[in-house]
Amino acid sequence: MAYRVDDDYDYLFKVVLIGDAGVGKSNLLSRFTRNEFSLESKSTIGVEFATRSTRVEEKVVKAQIWDTAGQERYRAITSAYYRGAVGALLVYDITRHVTFESMERWLKELREHTNSNVIVMLVGNKADLRHLRAVSTEDAKAFAEKESTFFMETSALESTNVEDAFIEVLTQIHSVMSKKALNVGDDPMALPKGQTISVGSKDDVSVVKKSGCC
Amino acid sequence: MVTCWNSYTTERHSLKSPWSRKKRRQPLSRQSWNGLFTIEGRFRDGGIKFLKKARSGGIEPSIRADVWPFLLGVYDLNSSEEERNAVQLQKRNIYEDLRRQCQLLSSHCYQGNMLMNIDKINGEARYDFNEDAYSAANSEDGSPRLSLSMEGSDVEDQPVYDRTPDSASRNSDDEVDDEEECEITHFDAFLAETDSSDSESSYEVLKRIPKLNPWPTNSPSSKPETFSRTVEDYATWQRIIRVDAIRADPEWVACSPAQASVSLELSKQAAEAVDLKNYDHLEPCMIRHASRLVSVLEAYAAYDPEIGYCQGMSDLLSPILTVMEDDHDAFWCFVGFMRKARHNFRLDEIGIRRQLAIVSRIIRSKDAHLYRHLEKLQAEDCFFVYRMVLVLFRRELTFQQTVCLWEVMWADQAAIRAGIENSASCRMRLRAPPTNDLLLYAIAACVLQRRKLILEKYSTMDEIMRECNSMSGQLDVWRLLDDAHDLVVTLHDKV
């Protein structure tokens, strides 16, 4: 997919990456925005963000993706940045069950701080470590179904499904937004600080479950 | 003991600012360092000349391992060599006790699903801010700072976890040598005094624990009246410590050839000793470094359970491990560093918020125009420098630059601890008095260096944050220090 000049876009969507420490959030971000991966990527302190523009249904969407620190301790800081998010990737590590167990807490946290219609995708990362798998795809699917979220398994290392996961979230945001014909104006950058882009009522968010390919 | 710094001359040269008009002072050399001491190893002048030199020119890398324990308050500036040897031995023993604690905890954490809490006793923190490290080390009064309680189905398998040496059956004069009989249910951790600038916090003067300890007598079944401190427990810290240890920055390797040349076999042994896994992609020296990070950080989490482990702390420890070759020396230097830095990692965020507020005040006092612009962008809380404050520029500067900055900062703090901040002879030619907040002035200087960009190009807080998060490799540490000192001179009375 072609990477576009940063300022040439129709919509700006804010998406947050959340999940426990060491599940690979920063590498998902760097894989999607810069096509880079590092086994030694440092822990994220507070919040960081990166952007990438991409075409979704004939519109240029600029995704502003906020990467957050995973440790509980930073929750107060990071949750302040959930404000205005219209999409979220809830990331766990398929080789560490404890990170999957945290998903419920992260989801609760997210829903407390964002519009209830935020598009959420559950992401089981590190799918390349097949021999170390500790969370079954079925369990994750069941959780996603129960919580009405999307689901994918990814590998930032092998670059598997990363693009698809982000694009799916952006597409869903766009689709919900178009359906509601939201009045966000011609210049989405003009949104006042802190205002959430409403993505429609809960019923509008169709649930699509994708099984991971790994 | 002394780390080899082959690349010193060229490294130092490259740190020199191409723009700096001020002539950089020479760093404290081995020769002048040795000349500062009397025959019994005491500073001739109480350390004034040492601190003055460290503040203005930094320290020659080859003597860092000798100098840092003084800068970080491990050793008193008035101590003799003999006294220091005694302190070192005592501290070494305490560190080893802490490690035994950690190993015991690890085996419990990994064996079962036992819920482990590091409890607070009646809300009293175990961090004792009264004690001076040096005098405490010489204190006979062994008192517990941390007790670990285990709750779980098979707790009866474990020996008396809620027992402390000062329970009613004993008194604090008892010799604290009963690790074997009760499998180390306590340790005697003394603490250095903390900086008092966060005294609005709950860390008011805390008396030693024994008098306050409400725990029942030596009945193994009775549980102390405790409450779980947070959702984060020791097992969580252990996990995150390992996650962070294996992704430590390898930049230090070039600076420490001695540590860089460790064999694979030795490094694997080190990893096994702390139950480190998933390191196959690492070089032997990084495996060993990761293992050392785990050892010291776990010990710290047990030593200071109020803070435990928070991501970012490994960034602060890594350079210390590079300079200090023995874990116990590194641990106590880290404790000295954390005396102030620990407030950054507090759960209640009081420390970090206070520091951001100071950066904000410095900017407001120095540049009202820029401050108004920040207000307009709702960025006057200076949240965009969060990472710089939290890990003290470690992510923005190179390894060498970071330690240069930290040394100058530590020297300021040491001067204040020693009560010589007002001594005219401790002042630099810039006339900048020592401050506890030098780092914050440096951060403000860093923002002010970008004022034009911020005023003309940035219309949201996000953009400023992105700018601040992408400064890596673009900063000149001595220029930053010069600017910071200029700010201190003009503003220290106002901020």
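Everything numeric here is computed off the predicted structure, so don't read it as measured data.

A.B. asks: So what exactly am I meant to see when it comes to the environment of A:Glu147 here?
C.D. replies: All names here are of chain A. Note on placement: Glu147 falls in the loop between helix H5 (137–146) and strand S6 (150–153). Using a relative accessible area of 17% as the deciding quantity, one classes Glu147 as buried. Leave out the neighbours within four places in its chain, and Glu147 touches Leu107 and Arg111.

A.B. asks: What is the right way to look at helix H13 (residues 313–323) of chain B in this model?
C.D. replies: Every α-helix carries 3.6 residues per turn, so stepping three or four residues along brings you back to the same face. Residue and element names in this part refer to chain B. With eleven of its eleven residues buried, H13 lies for the most part within the structure. Within H13, the full set of buried residues consists of Met313, Ser314, Asp315, Leu316, Leu317, Ser318, Pro319, Ile320, Leu321, Thr322 and Val323. Tucked inside the fold, the buried residues of H13 contact helix H4 (64–71), helix H9 (234–245), helix H10 (257–260), helix H12 (284–303), helix H14 (327–341) and helix H18 (399–417).

A.B. asks: Even after reading the chapter, I still don't get the domain arrangement of chain B, so can you show me in this structure?
C.D. replies: One frequent convention defines the size of an interface as the accessible area lost when the parts assemble. All names here are of chain B. Considered domain by domain, chain B is made up of domain 1 (60–115 + 229–341) and domain 2 (350–492). Taken over C-alpha atoms, the centre of domain 1 sits 28 Å from the centre of domain 2. Counting residues at the interface gives 21 residues for domain 1, matched by 21 residues for domain 2. Carbon and sulfur atoms make up 64% of the area that domain 1 and domain 2 hide from each other, which totals about 1,900 Å². On inspection of domain 1 and its partner domain 2, the count reaches five salt bridges. Here Glu251 and Arg394 are joined by a salt bridge, their closest N and O atoms 3.4 Å apart. The interface formed by domain 1 and domain 2 contains seven residue pairs in polar contact (both at pLDDT 80 or more). Taken together, the elements giving at least two residues each to the side of domain 1 that touches domain 2 come down to H4, H13 and H14. Here the side of domain 1 that touches domain 2 is composed, by residue class, of eleven nonpolar, four polar and six charged.

A.B. asks: Even after reading the chapter, I still don't get the pairing of strand S1 (residues 11–18) of chain A, so can you show me in this structure?
C.D. replies: Successive side chains on a regular strand alternate, one facing one side of the sheet and the next facing the other. Residue and element names in this part refer to chain A. Buried residues dominate S1, accounting for eight of its eight residues. Burial along S1 is two-sided: the face carrying Tyr11, Phe13, Val15 and Leu17 and the face carrying Leu12, Lys14, Val16 and Ile18 are both buried. In this sheet, strand S3 (residues 59–68) lies alongside S1 in parallel orientation, the contact comprising seven bridges. Opposite Tyr11, over in S3, you have Val61 as the bridge partner. Two strands pair when backbone bridges link them, and S1 and strand S4 (residues 87–93) are joined in this way by four bridges, in the parallel orientation. Looking at S4, one finds that Val16 is bridged to Ala88.

A.B. asks: Got a minute to help me understand the confidence of the model for chain B in this structure?
C.D. replies: For residues with low pLDDT, the predicted coordinates do not support detailed interpretation. All names here are of chain B. Here chain B averages 77 in pLDDT, while 69% of its residues score no lower than 70. The secondary structure element of chain B with the lowest average pLDDT is helix H8 (residues 209–212), at 26, and the one with the highest is H4, at 98. Residue range residues 1–21 is modelled with pLDDT below 50. Its contacts to residues more than four positions away, or to other chains, number 47 contacts. Note on residues 111–230: pLDDT is under 50 here. Beyond four places in sequence and across chains, it has 233 contacts. This complex was scored by the predictor with a pTM of 0.79 and an ipTM of 0.83.

A.B. asks: Can you help me understand empty space enclosed by the protein in this one?
C.D. replies: Rolled over the atoms, a probe with the dimensions of a water molecule shows which regions are left empty. Enumeration over the complete set of coordinates arrives at twelve cavities of 30 Å³ or more. Here the largest cavity defines a volume of roughly 170 Å³. Around the largest cavity, the lining residues are A:Lys42, A:Ser43, B:Asp244, B:Arg247, B:Ala248, B:Asp249, B:Ser314, B:Asp315, B:Ser318, B:Arg394 and B:Arg395. With three residues, H13(B) is the largest single contributor of residues to the lining of the largest cavity. One number sums up the size of the second largest cavity: a volume of about 130 Å³. Taken together, 14 residues form the lining of the second largest cavity, with B:Lys340, B:Gln355, B:Leu392, B:Met409 and B:Gln413 sitting closest to its centre. Elements with a contribution of two residues or more to the lining of the second largest cavity: H14, H18 and helix H19 (438–448) of chain B. When grouped by side-chain class, the residues that make up the lining of the second largest cavity number eight nonpolar, four polar and two charged. When residues of the lining of the second largest cavity are assigned to domains, at least three fall in each of domain 1 (60–115 + 229–341) and domain 2 (350–492) of chain B.

A.B. asks: Any chance you could explain the pairing of S3(A) here in plain terms?
C.D. replies: Residue and element names in this part refer to chain A. Counting buried positions along S3 yields nine of ten residues, so the element is predominantly enclosed. Relative to S3, strand S2 (residues 47–56) runs antiparallel, the two being bridged by ten bridges. Considered in S3, the bridge of Thr54 is made with Val61. In this structure, the hairpin formed by S2 and S3 is closed by a connection of two residues, where Glu57 is found at a positive phi of approximately 45 degrees.

A.B. asks: What is the right way to read the sheet that holds strand S5 (residues 119–125) of chain A from this model?
C.D. replies: Two orientations exist for strands paired in a sheet by backbone hydrogen bonds: parallel and antiparallel. Spatially, six strands are ordered S2-S3-S1-S4-S5-S6 (chain A) in an open sheet, and the strand pairing comes out mixed. Edge positions in the sheet fall to S2 and S6 of chain A, since each of these pairs with one other strand and no more. On average, adjacent strands in this sheet sit at an angle of 25 degrees to one another, irrespective of strand direction. Contacting S1, S2, S3, S4, S5 and S6 of chain A, helix H6 (residues 162–180) of chain A runs over the sheet at an angle of about 130 degrees to S1(A). Helix-sheet contacts for helix H21 (residues 461–469) of chain B involve S2 and S3 of chain A, and the interaxial angle to S2(A) is about 115 degrees.

A.B. asks: Would you mind showing me how to read the packing of H12(B) against H13(B) here?
C.D. replies: The axes of two packed helices give the description: the angle between them and the distance between them. Residues and elements named next belong to chain B. Here H12 crosses H13 at 120 degrees, and the two axes come no closer than 10 Å. As for the relative orientation of H12 and H13, their crossing is right-handed in sense. Two secondary-structure elements touch here, H12 through His289, Arg292, Leu293, Val296, Leu297 and Tyr300 and H13 through Met313, Ser314, Leu317, Ser318, Leu321 and Thr322. Looking at the contact of H12 with H13 residue by residue, the classes come out as seven nonpolar, four polar and one charged.

A.B. asks: Looking at this model, I keep getting lost on the pattern of salt bridges. Mind explaining?
C.D. replies: In a structure, side chains of opposite charge can pair up when their charged atoms sit close to one another. Residues and elements named next belong to chain A. Scanning the model with the defined rule gives 37 salt bridges over all chains in all. Notably, a salt bridge pairs Arg34 with Glu36, separated by 3.1 Å at the nearest N-O pair. Arg34 gets classed as partly exposed once you look at its relative accessible area, which sits at 47%. Here Arg111 and Glu147 are joined by a salt bridge, their closest N and O atoms 3.3 Å apart. Here Arg111 is found in helix H4 (residues 103–113), whereas its partner Glu147 is found in the loop between H5 and S6, with 36 residues between them in sequence. Among the residues examined, Arg111 registers a relative accessible area of 32% and is labelled partly exposed.

A.B. asks: Can you help me understand the interface of chain B and chain A in this one?
C.D. replies: Counting from both sides, the interface comprises 37 residues of chain B and, opposite them, 28 residues of chain A. For chain B, the biggest contributors to the area lost against chain A are B:Arg247, B:Gln311 and B:Arg395; these three give 21% of the whole. Inspection of the region where chain B meets chain A yields two salt bridges. Counting across the chain B and chain A interface gives eleven residue pairs in polar contact (both at pLDDT 80 or more). Contributing elements (two or more residues each) for the side of chain B that touches chain A: H9, helix H17 (386–390) and H21 of chain B. Across the side of chain B that touches chain A, the residue classes break down as 19 nonpolar, five polar and 13 charged.

So, how was this worked out
- Residues numbered from 1 in each chain as written.
- Chains lettered and ligands numbered in written order.
- Predicted model: local features only at pLDDT ≥ 70, side-chain atom pairs only at ≥ 80, totals over all residues.
- Heavy atoms only, no water.
- Helix = DSSP H or I, 4+ residues; strand = E, 2+ residues; numbered from the N terminus.
- Buried < 20%, exposed > 50% of the residue type's maximum accessible area, 1.4 Å probe, protein only.
- Contact = heavy atoms within 4.5 Å.
- Domains from an automatic or database assignment.
- Buried area = accessible area lost by both parts, 1.4 Å probe.
- Salt bridge = Lys/Arg side-chain N within 4 Å of Asp/Glu carboxyl O.
- Polar contact = N/O pair within 3.5 Å; in protein donor to acceptor, adjacent residues only side chain to side chain.
- Nonpolar A, V, L, I, M, F, W, Y, C, P; charged D, E, K, R; others polar.
- Pairing = 2+ DSSP bridges.
- pLDDT = per-residue confidence, 0-100.
- 1 Å grid on protein atoms, 1.4 Å probe; cavity = no way out; pocket = protein on both sides within 12 Å on 5 of 7 lines; lining within 4 Å.
- Points joined across faces, edges and corners; volume = space filled by probe spheres on them.
- Axes fitted to C-alpha atoms, helices over the stretch in contact; angles between N-to-C directions.
- Left-handed = near helix turned anticlockwise from the far one by under 90°.

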